[in-house]
Amino acid sequence: MKALSISVLLLLLAGCAHPPQLGTTVEIQKKSDDLILVILKVTNTEDRATTPIAIEITGQARANGHWDRPSTLLHPAAFVLNRKEQREITKLWRIQADAVRTTLVIKEQENGHLLKTEKVEKIF
């Protein structure tokens, strides 16, 4: 009987779980001919800590009218955001380009559920 009540309690707690609510912005700034800054800001908008989240940013550059192959720019270790916490991550991208586009993918680390995707393109 005790094991049954514990398992029911665990099922109720698991049923109440919902994915974290995150606010994100991706800024792209060209600092020189061969240096582009990619700035990611991730904010937890809830009053509780998130589950561990995994972030990946891939990018493509356009030079002479041709896009190169996508490559991973940023893939930090999974991390947890406390309530209302904001984290800023900056990537120095050394490439000559007249335009760039990035794709942000955020997943839950533990189960791989997709939380958010965002695409940004900037022409210089």
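Predicted model only: the values in this text are computed from it and were never measured. (Residues numbered from 1 in each chain as written. Predicted model: local features only at pLDDT ≥ 70, side-chain atom pairs only at ≥ 80, totals over all residues. Heavy atoms only, no water.)

A few points about the overall build of the protein chain
And step 1. Counting its regular elements, the protein chain contains one helix and eight strands.
And step 2. Walking the protein chain from its N terminus toward its C terminus, one meets helices and strands in the order α-β-β-β-β-β-β-β-β.
And step 3. Looking at the 124 residues of the protein chain, the share that counts as buried comes to 29%.
And step 4. Counted over contacts in the protein chain with a minimum sequence separation of 6, partners at least 24 positions apart contribute 65%.
And step 5. Carbon and sulfur atoms make up 54% of the accessible area of the protein chain, which amounts to about 7,900 Å² in all. (Helix = DSSP H or I, 4+ residues; strand = E, 2+ residues; numbered from the N terminus. Buried < 20%, exposed > 50% of the residue type's maximum accessible area, 1.4 Å probe, protein only. Contact = heavy atoms within 4.5 Å. Areas by Shrake-Rupley, 256 points an atom, 1.4 Å probe, with all protein chains shown as cover.)

So, the environment of V120
And step 1. For V120, the location among the structural elements is in strand β8 (residues 114-123).
And step 2. For the pair formed by V120 and E27, sequence separation is 93 residues and the distance between their alpha carbons is 8.3 Å.
And step 3. When near neighbours in sequence (up to four residues on either side) are disregarded, V120 contacts V26, I28, V100, R101 and T102.

Remarks on unusual backbone geometry
And step 1. In this model, N64 sits at a positive phi of 55°, which is unusual for a non-glycine residue.
And step 2. On the secondary structure map, N64 appears in the loop between β3 (53-63) and β4 (66-67).
And step 3. Residue classification places N64 among the exposed positions, given a relative accessible area of 73%.
And step 4. Of note, the phi angle at K84 is positive, near 60°, even though the residue is not glycine.
And step 5. Among the structural elements, K84 can be located in the loop between β5 (71-74) and β6 (86-93).

Structural notes on the side chain of E108
And step 1. With respect to the helices and strands, the residue E108 is situated in strand β7 (residues 99-108).
And step 2. No salt bridge is formed by the buried E108. Its closest oppositely charged neighbour is R48, at 7.2 Å.
And step 3. Each residue touching E108, except ones within four places of it in the same chain, is listed here: P19, P20, T51, P52, H113 and L115. (Lys, Arg positive; Asp, Glu negative; His and termini not counted. Salt bridge = Lys/Arg side-chain N within 4 Å of Asp/Glu carboxyl O.)

A closer look at the sheet that holds β6
And step 1. Here we have three strands laid out as an open sheet, ordered β1-β2-β6, and antiparallel in their pairing. Two strands in the sheet have a free side with no partner beyond their single neighbour: β1 (22-32) and β6. Strand-to-strand twist in this sheet, taken as the mean axis angle between neighbours without regard to direction, amounts to 15°.
And step 2. As judged from the eight bridges shared by strand β2 (residues 35-44) and β6, these two strands associate in the antiparallel manner. Bridge pairing in β6 links I36 to W93. (Pairing = 2+ DSSP bridges. Axes fitted to C-alpha atoms, helices over the stretch in contact; angles between N-to-C directions.)

Description of the side chain of Q60
And step 1. Structurally, Q60 is set in strand β3.
And step 2. Q60 sits in the buried class, given a relative accessible area of 17%.
And step 3. There is a polar contact of 2.9 Å between the side chain of Q60 and the backbone oxygen of D68.
And step 4. Contact partners of Q60, with chain neighbours within four places excluded, come to W67, D68, R69, P70, W93, A99, V100 and R101. (Polar contact = N/O pair within 3.5 Å; in protein donor to acceptor, adjacent residues only side chain to side chain.)

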